[in-house]
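Okay, here's what each chain looks like letter by letter:
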Amino acid sequence: MVGLVYRSQLAPVCDVRDKNISGANKMVFETSCTAPSEVTKTVGEMHFNGKTSTAKLEMTSASAEESINIKSTLVGNGKYIGACDKGGAMIVEVVPYRLEWRKDFEIEKEVLIKYLGGHISEIHHIGSTSVIGLAAKPIIDIILEVPSLIKLDSELNVFQVLGYEAMGEFGIRGRRYYRKGGGNRTHQIHAFEVGDANIDRHIAFRDYLAAHPAVRLEYQDLKIQLAKECENDIDQYCTGKDSFVKHHEAKALQWVAKV
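Let us look at the structure shown here. (Residues numbered from 1 in each chain as written. Predicted model: local features only at pLDDT ≥ 70, side-chain atom pairs only at ≥ 80, totals over all residues. Heavy atoms only, no water.)

**Considering the packing of aromatic side chains**
Right, on to step 1. Inspection of every chain in the model, using the stated rule, returns seven aromatic pairs.
Right, on to step 2. Chaining the aromatic ring pairs together yields one cluster made of F159, Y164 and Y178.
Right, on to step 3. The ring of Y219 has K223 lying over it, and the distance from NZ or CZ to the ring centre is 4.8 Å. (Phe/Tyr/Trp six-rings, centres within 6.5 Å; stacked < 30°, edge-to-face > 60°. Lys NZ or Arg CZ within 6 Å of the ring centre and 35° of its normal.)

Right, dumping it as structure tokens:
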């Protein structure tokens, strides 16, 4: 049996405490949830209503020969719907720097301001596509600084109309993550409340790479190699560059503090 993969993508009130594989094509995971109520358990669906509760939820894949990812999306007043995606669906490719990426960001920025401007304090282009001369996955990464994530959550329908899939915190506490383009992903939004430290680290890393050509080239070579080796496994790709990113993010924050 190919092991089933669980990626913690539950919305902020849920914490994964334990997980295990049960049967040939079934994953059972346990979450401890603090929310306005007790959890009602069905396959792929949880309803909250006011106190700390524990629930077990079973998700079944179509075949034991494929991995699945389980996600939960806030769809309205305390209700989260689970869903399954085949693992490895995203195409992972690193391409030479393209001048059009800056324009792509500006176009998306205008759209976000038009439809969500009342919820946004600042918009930043981050990630490798924001660094001139750096090869990258052709995905525009965007940070939204917002006064309130709760108010941003109320605009789920707007994000959907704009082509985004809402993924909740997606592994980073205090974030809202949105992605567009399916397997051929084109944009990713990372929304944080104003003052969140994650904003500073992303911007510092971007500016540090722009100002340090040797580090930028080393990072580029690493990403190109990982993209060749990972066989479109985004988790493997991200894990492969994690230590490099964390090391240089720390240096970037120190560098920013001095300049």
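Still to come is the rest of the account.
**Description of the state of the cysteines**
Right, on to step 1. Applying the stated criterion across every chain, the model contains zero disulfides.
Right, on to step 2. Just so you know, C230 is unpaired, no disulfide at all, and the nearest cysteine sulfur is the one on C238, 8.9 Å from it. (Disulfide = S-S within 2.5 Å.)

**Here's the deal with helix 1 (residues 100-116)**
Spacing of three or four residues puts side chains on the same side of an α-helix, whose turn is 3.6 residues.
Right, on to step 1. Taking 1.5 Å per residue as the helical rise, helix 1 with its 17 residues ought to reach 24 Å, and the 24 Å between its terminal C-alpha atoms agrees with that figure.
Right, on to step 2. When we look at burial in helix 1, the residues that qualify are W101, F105, E108, L112 and L116. End-on view of helix 1: buried residues confined to an arc of 70 degrees, all on one side of the axis. Structural note: helix 1 exposes K103, E110 and K114 on the side pointing more than 90 degrees away from its buried face. (Helix = DSSP H or I, 4+ residues; strand = E, 2+ residues; numbered from the N terminus. Expected span 1.5 Å × (residues − 1). Buried < 20%, exposed > 50% of the residue type's maximum accessible area, 1.4 Å probe, protein only. Arc of directions from axis to C-beta.)

**Quick word on the packing of helix 4 (residues 197-211) against helix 6 (residues 234-258)**
Right, on to step 1. At their nearest, the axes of helix 4 and helix 6 sit 8 Å apart, and the two run at 85 degrees to each other. With respect to their mutual orientation, helix 4 and helix 6 come out roughly perpendicular. Residue-level inspection shows D200, R201, A204, F205, D207, Y208 and A211 of helix 4 in contact with helix 6, the latter providing V245, H248, E249, K251, A252, L253, W255 and V256.
Right, on to step 2. Its residues assigned to classes, the contact of helix 4 with helix 6 shows nine nonpolar, one polar and five charged. (Axes fitted to C-alpha atoms, helices over the stretch in contact; angles between N-to-C directions. Parallel < 35°, antiparallel > 145°, perpendicular 65-115°, else oblique. Contact = heavy atoms within 4.5 Å. Nonpolar A, V, L, I, M, F, W, Y, C, P; charged D, E, K, R; others polar.)

**Let's talk about the environment of K223**
Right, on to step 1. Tracing the backbone through its elements, the reader meets K223 in helix 5 (residues 213-229).
Right, on to step 2. Assessed through its relative accessible area of 2%, K223 is described here as buried.
Right, on to step 3. Along the backbone, K223 and K241 are 18 residues apart, and their C-alpha atoms lie at a distance of 7.2 Å.
Right, on to step 4. In this view, K223 contacts V94, S128, L134, A135, A136, Y237 and K241; residues no more than four positions away in its chain are not counted.

**Remarks on the side chain of E249**
Right, on to step 1. By secondary structure assignment, the location of E249 is in helix 6.
Right, on to step 2. Residue class for E249 comes out buried when judged on its relative accessible area of 11%.

**Details of the sheet that holds strand 8 (residues 122-126)**
Backbone hydrogen bonds hold the strands of a sheet together, and the pairing may be parallel or antiparallel.
Right, on to step 1. On the basis of which strands lie adjacent, the open sheet formed by five strands has the order 8-9-12-11-10 and mixed pairing. In this open sheet, the two strands that pair with only one neighbour each are strand 8 and strand 10 (164-166). For this sheet, the mean inter-axis angle between neighbouring strands, taken without regard to orientation, is 25 degrees.
Right, on to step 2. Both strand 11 (residues 175-180) and strand 12 (residues 187-193) contribute to a ladder of six bridges, which runs antiparallel. (Pairing = 2+ DSSP bridges.)

**Things to note about unusual backbone geometry**
Right, on to step 1. At E231, a residue that is not glycine, the phi angle is positive and equals roughly 55 degrees.
Right, on to step 2. Secondary-structure assignment places E231 in the loop between helix 5 and helix 6.
Right, on to step 3. Residue N232 is not a glycine yet carries a positive backbone phi of 60 degrees.

**Remarks on helix 4**
Right, on to step 1. Between the first and last C-alpha of helix 4 there are 21 Å, a value that for 15 residues agrees with the 21 Å anticipated at 1.5 Å per step.
Right, on to step 2. All of the buried residues along helix 4 are N198, I199, R201, H202, I203, A204, F205, R206, Y208 and L209.
Right, on to step 3. On its buried face, helix 4 sits against strand 8, strand 9 (140-146), strand 12, helix 5 and helix 6.
Right, on to step 4. Two to three positions downstream of the cap, the backbone nitrogen of N198 sits 2.8 Å from a side-chain oxygen, assigning the N-cap of helix 4 to D196. (Polar contact = N/O pair within 3.5 Å; in protein donor to acceptor, adjacent residues only side chain to side chain.)

**Looking at the pairing of strand 8**
Within a regular beta strand, the side chains point alternately toward one face of the sheet and then the other, so they alternate between its two faces.
Right, on to step 1. Of all five residues in strand 8, four are buried, a share of seventy percent or more.
Right, on to step 2. Direction of pairing for strand 8 relative to strand 9: antiparallel, over a ladder of five bridges. For H124, the partnering residue across the bridge sits in strand 9 and is I143.

**Focus on the pattern of salt bridges**
Right, on to step 1. Evaluation of the coordinates by the stated rule reveals six salt bridges.
Right, on to step 2. Its salt-bridge partner being E165, residue R179 comes within 2.9 Å of it at the nearest N-O pair. Taken together, the residues R179 in strand 11 and E165 in strand 10 connect sequence positions 14 residues apart.
Right, on to step 3. Judged by its relative accessible area of 14%, R179 falls in the buried class.
Right, on to step 4. Residue E165 is classed as partly exposed on the basis of its relative accessible area of 25%.
Right, on to step 5. Put simply, E249 and R201 hold a salt bridge, and the shortest N to O gap is 2.9 Å. Here E249 is found in helix 6, whereas its partner R201 is found in helix 4, with 48 residues between them in sequence. (Salt bridge = Lys/Arg side-chain N within 4 Å of Asp/Glu carboxyl O.)

Shape descriptors only; they carry no functional weight alone.
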